[in-house]
Amino acid sequence: MTYPPPLMEPVILKRSEHNVSRKNISSAAIKVLYRLKDEGYTAYIAGGGVRDLLLERNPKDFDIATDATPEQIRGIFRNCRLIGRRFRLAHIIYHGEIIETSTFRAPVPEDESLYCDNTFRTGTEGMVMRDNVFGTPEEDARRRDFTINALFYNIADFSIIDYAGGLEDLKKKIIRVIGDPDKRFTEDPVRMIRAARFAGTLGFDIEQTAYDSICRNKDKLASAASSRMYEEVQKLFFCGHATAVFQWLEKTDLLHPMFHDFSHWIDEDKARHDWVIQTFEQMDRWRKAGLNVHPALLFALIFGEYHEFLSQQLIDAGAAPHDAANEAVHRHLQGMCENVRVPKQAIFQVADIMCNQLRFHKNKGKQPQRFLHHKGFLDAFLYFKFSAKVHKRNEDLLAYWTDLRQQKG
Ligand code: ATP
Ligand code: MG
């Protein structure tokens with residue numbers, strides 16, 4: 001298969017042939033679409049929004065694709081900011097909602113000789129570092145990652161436009177790469193973990209050639225930008241289907257290149273694996289209950305058992321418990337930053353959660369009240385409660401602190 005695939009006639013579903021209604025689209029997105037259309041531009045909802053509407057799921061957000069250039073968009077909307085160096089796009093703000101609006105993109109050129117004016121620049125082994133060239137709707141659709149993410153909703157006639165076979169794959173419940181998987185995963189290795197995320201979130205299968213390609217190319221994840229990896233890692237585990245996503249990461253063996261030391265450590269003992277699964281189940285319960293867990297607490301929970309293990313090793317070697325807890329977190333998360341750049345502030349917060357665990361054992365005198373009013377108490381308590389339940393340990397202490405918290409009101 002070549003990439004970009006040859007252009008073809010799109011499949012178009014008329015309004016009467018699909019279930020997507022304007023009622024289910026945010027009014028801010030509708031306003032932007034109509035405004036662009038009234039100015040004479042093509043205006044589509046693109047990507048995940050269309051996919052989720054067709055699946056009757058609640059879209060997280062609505063991205064818009066248009067033939068207006070970023071400057072033209074800025075000329076139309078007062079409440080608009082242009083962002084992005086890699087690809088310039090517009091953020092249009094309506095009543096606090098940000099509608100991301102981008103100009104149709106051209107495909108990544110096949111021929112290296114096109115990489116001449118600094119518009120495109122390739123890094124090692126065909127990775128795309130920077131691009132900013134506009135294209136047609138077909139080209140835009142085909143440079144997206146998966147067929148189900150390449151559908152458009154056209155505000156002009158309320159039709160769905162499919163240039164990549166996404167409608168068929170939505171029916172078949174398949175995550176299929178657009179074009180040649182080896183090539184697309186090399187261009188942007190982060191797409192491999194996105195495949196696992198969509199498969200887990202939607203309950204879809206990863207199409208066989210894409211699956212085989214992930215198994216072949218997984219080590220390329222090491223060359224993905226660590227800041228993007230951090231963004232994607234958060235999406236993986238905050239999506240409300242973290243358990244299923246984690247199972248896909250294990251099945252495809254993406255976990256090893258993502259979290260090298262941690263994943264090998266899990267492999268050694270089933271109990272460790274169980275802790276991680278229970279963490280994700282807890283994450284999913286919290287998401288279902290509408291709770292927002294911030295990244296530091298997420299990382300504290302996922303890696304908690306591992307950090308406790310590292311900390312114990314340091315204690316055995318003579319370190320004081322507080323220093324050991326702090327050192328364990330910093331060593332691991334800073335080391336991991338080569339792959340996934342965890343921000344410094346989050347690392348400090350994780351270390352705080354772990355160091356604060358020691359304070360739950362000090363329930364005499366004034367210490368408990370002081371700790372209860374400490375700003376890090378709640379996160380530390382959530383961790384303490386979770387680990388007490390998983391390990392069936394510290395039950396009396398948990399009851400004591402739960403009471404104290406309730407008394408505080
Ligand atoms: P979610 O519901 O989780 O936001 P999404 O499909 O909207 O899922 P985003 O990360 O918000 O995912 O990206 C929006 C769209 O941009 C995708 O649907 C896809 O068409 C395109 N896209 C995003 N990342 C990539 C990528 N790495 N390569 C190609 N296309 C991408
Ligand atoms: Mg999205």
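Fair warning: this is a prediction, and the values are worked out from it, not measured in the lab.

### Quick look at the overall build of the protein
The secondary structure content of the protein amounts to 19 helices and 12 strands. The C-alpha radius of gyration computed for the protein amounts to 24 Å, which stays within 12% of the reference 22 Å derived for 409 residues, consistent with globular compactness. In terms of its C-alpha atoms, the protein occupies a principal-axis envelope of roughly 70 × 45 × 40 Å. In the protein, which comprises 409 residues, the share counted as buried stands at 52%. Of the contacts made within the protein by residues no fewer than 6 positions apart, 68% connect residues no fewer than 24 positions apart. Surface accessibility of the protein: about 19,600 Å² in total, with carbon and sulfur atoms responsible for 49%. Charged side chains of the protein number 57 positive and 56 negative; the gap between the two group centres comes to 7 Å.

### Comments concerning the sheet that holds strand β6 (residues 97–103)
Taken in spatial order, the 8 strands line up as β1-β10-β9-β2-β3-β6-β5-β4 in an open sheet, and their pairing is mixed. Either end of the sheet is taken by a strand with one partner, and the two such strands are β1 (11–13) and β4 (80–83). Within this sheet the neighbouring strands show an average axis-to-axis angle of 30°, counted without direction. Note that strand β5 (residues 89–94) and β6 share 5 bridges and pair antiparallel. The partner of Ile 93 across the bridge, within β6, is Ile 98.

### A word on helix α13 (residues 270–288)
Residue pairs three or four apart in sequence face the same way in an α-helix, which turns once every 3.6 residues. Between its first and last C-alpha, α13 extends 27 Å over 19 residues, near the 27 Å set by a 1.5 Å rise per residue. Within α13 the residues assigned to the buried category are Arg 272, Trp 275, Val 276, Ile 277, Thr 279, Phe 280, Gln 282, Met 283, Asp 284 and Trp 286. Summarising the contacts, the buried residues of α13 are in contact with α9 (226–238), α10 (242–251), α12 (260–267), α14 (295–316) and α18 (377–391). Put simply, Asp 269 is the residue that caps the front of α13, since its side-chain oxygen is 2.9 Å from the backbone nitrogen of Ala 271. Trailing α13 by a residue or two, Gly 290 shows a phi angle of about 80°, which is positive.

### Focus on the nonpolar core
For soluble globular proteins, nonpolar side chains are generally found buried alongside one another. Of all hydrophobic cores here, the largest spans 107 residues; its most connected members are Ile 175, Phe 237, Leu 249 and Phe 259. There are two domains that each give this core at least three residues, and those are domain 1 (1–177) and domain 2 (294–408). In terms of nonpolar packing, the next biggest core, distinct from the first, is built from 12 residues, Phe 360, Ala 380, Phe 384 and Trp 401 among them.

### Details of the confidence of the model for the protein
When pLDDT is low, close inspection of the predicted coordinates is not appropriate. Scored by pLDDT, the protein comes out at a mean of 90, with 92% of its residues at no less than 70. Here residues 112–122 is a poorly scored stretch, pLDDT under 50, and it has 24 contacts once near neighbours within four places are set aside; other chains count.

### Here we look at the side chain of Glu 305
With respect to the helices and strands, Glu 305 occurs in helix α14. Each residue touching Glu 305, except ones within four places of it in the same chain, is listed here: Trp 265, Trp 275, Tyr 383 and His 391.

### Some details on the pattern of salt bridges
Applying the stated criterion across every chain, the model contains 22 salt bridges. The salt bridge involving Arg 184 is made with Glu 187; its shortest N-O contact spans 3.2 Å. In this pair, Arg 184 and Glu 187 are both assigned in helix α6 (residues 181–187), 3 residues apart and thus about one turn of the helix distant. For the pair Arg 184 and Glu 187, one class covers both residues: buried. Here Arg 191 and Glu 187 are joined by a salt bridge, their closest N and O atoms 2.8 Å apart. Assigned by exposure class, Arg 191 and Glu 187 land together as buried. Residues joined by salt bridges that share partners form a network here, namely Asp 145, Arg 194, Arg 197, Glu 232 and Lys 235.

### Quick word on the pairing of β5
When a strand is regular, its side chains alternate between the sheet's two faces. Burial runs high along β5: 5 of the 6 residues are buried. Pairing of β4 with β5, which is carried by 4 bridges, proceeds in the antiparallel orientation. Bridge pairing in β5 links Arg 81 to His 91. The antiparallel hairpin formed by β5 and β6 contains 2 residues in its connecting segment, where His 95 sits at a positive phi of about 45°.

### Digging into the site of ligand 1
Contacts to ligand 1 come from 17 residues, most closely from Arg 51, Lys 60, Asp 188, Arg 191 and Arg 197. Note that an oxygen atom of ligand 1 is positioned 3.2 Å from one of the backbone N or O atoms of Gly 48. Here an oxygen atom of ligand 1 sits 2.8 Å away from a polar atom, N or O, in the side chain of Arg 51. In the complex, the protein chains occlude 82% of the 580 Å² of accessible area that ligand 1 would expose alone. Examining the composition of the shell around ligand 1, we find that 4 residues originate from one element, helix α7 (residues 190–202), more than from any other.

### Re the packing of aromatic side chains
Under the counting rule described, the total for this entry stands at 28 aromatic pairs. Seen from their ring centres, Phe 262 and Phe 303 are 4.7 Å apart, and the 85° between their planes marks the pair as edge-to-face. Residue Phe 262 is located in helix α12, and its partner Phe 303 is located in helix α14; the two are separated by 41 residues in the primary sequence. Each member of the pair Phe 262 and Phe 303 is classed as buried. Aromatic side chains Phe 371 and Phe 377 sit 5.0 Å apart centroid to centroid with 75° between the ring planes, which places their arrangement in the edge-to-face category.

### Quick word on the packing of α12 against α13
Contact geometry for α12 and α13: axes closest at 6 Å, N-to-C directions at 120°. The angle between α12 and α13 falls in the class oblique. Along its contact with α12, which presents Phe 262, Trp 265 and Ile 266, the element α13 presents Arg 272, His 273 and Val 276. For the contact of α12 with α13, the residue count by class is 4 nonpolar, 1 polar and 1 charged.

What counts and what doesn't
- Residues numbered from 1 in each chain as written.
- Chains lettered and ligands numbered in written order.
- Predicted model: local features only at pLDDT ≥ 70, side-chain atom pairs only at ≥ 80, totals over all residues.
- Heavy atoms only, no water.
- Helix = DSSP H or I, 4+ residues; strand = E, 2+ residues; numbered from the N terminus.
- Rg over C-alpha atoms; globule rule 2.2 N^0.38 Å.
- Buried < 20%, exposed > 50% of the residue type's maximum accessible area, 1.4 Å probe, protein only.
- Contact = heavy atoms within 4.5 Å.
- Areas by Shrake-Rupley, 256 points an atom, 1.4 Å probe, with all protein chains shown as cover.
- Lys, Arg positive; Asp, Glu negative; His and termini not counted.
- Charge placed at Lys NZ, Arg CZ, Asp CG, Glu CD.
- Pairing = 2+ DSSP bridges.
- Axes fitted to C-alpha atoms, helices over the stretch in contact; angles between N-to-C directions.
- Expected span 1.5 Å × (residues − 1).
- Polar contact = N/O pair within 3.5 Å; in protein donor to acceptor, adjacent residues only side chain to side chain.
- Core = buried A, V, L, I, M, F, W, Y, C linked by side-chain atoms within 4.5 Å.
- Domains from an automatic or database assignment.
- pLDDT = per-residue confidence, 0-100.
- Salt bridge = Lys/Arg side-chain N within 4 Å of Asp/Glu carboxyl O.
- Near = heavy atom within 4 Å.
- Phe/Tyr/Trp six-rings, centres within 6.5 Å; stacked < 30°, edge-to-face > 60°.
- Parallel < 35°, antiparallel > 145°, perpendicular 65-115°, else oblique.
- Nonpolar A, V, L, I, M, F, W, Y, C, P; charged D, E, K, R; others polar.

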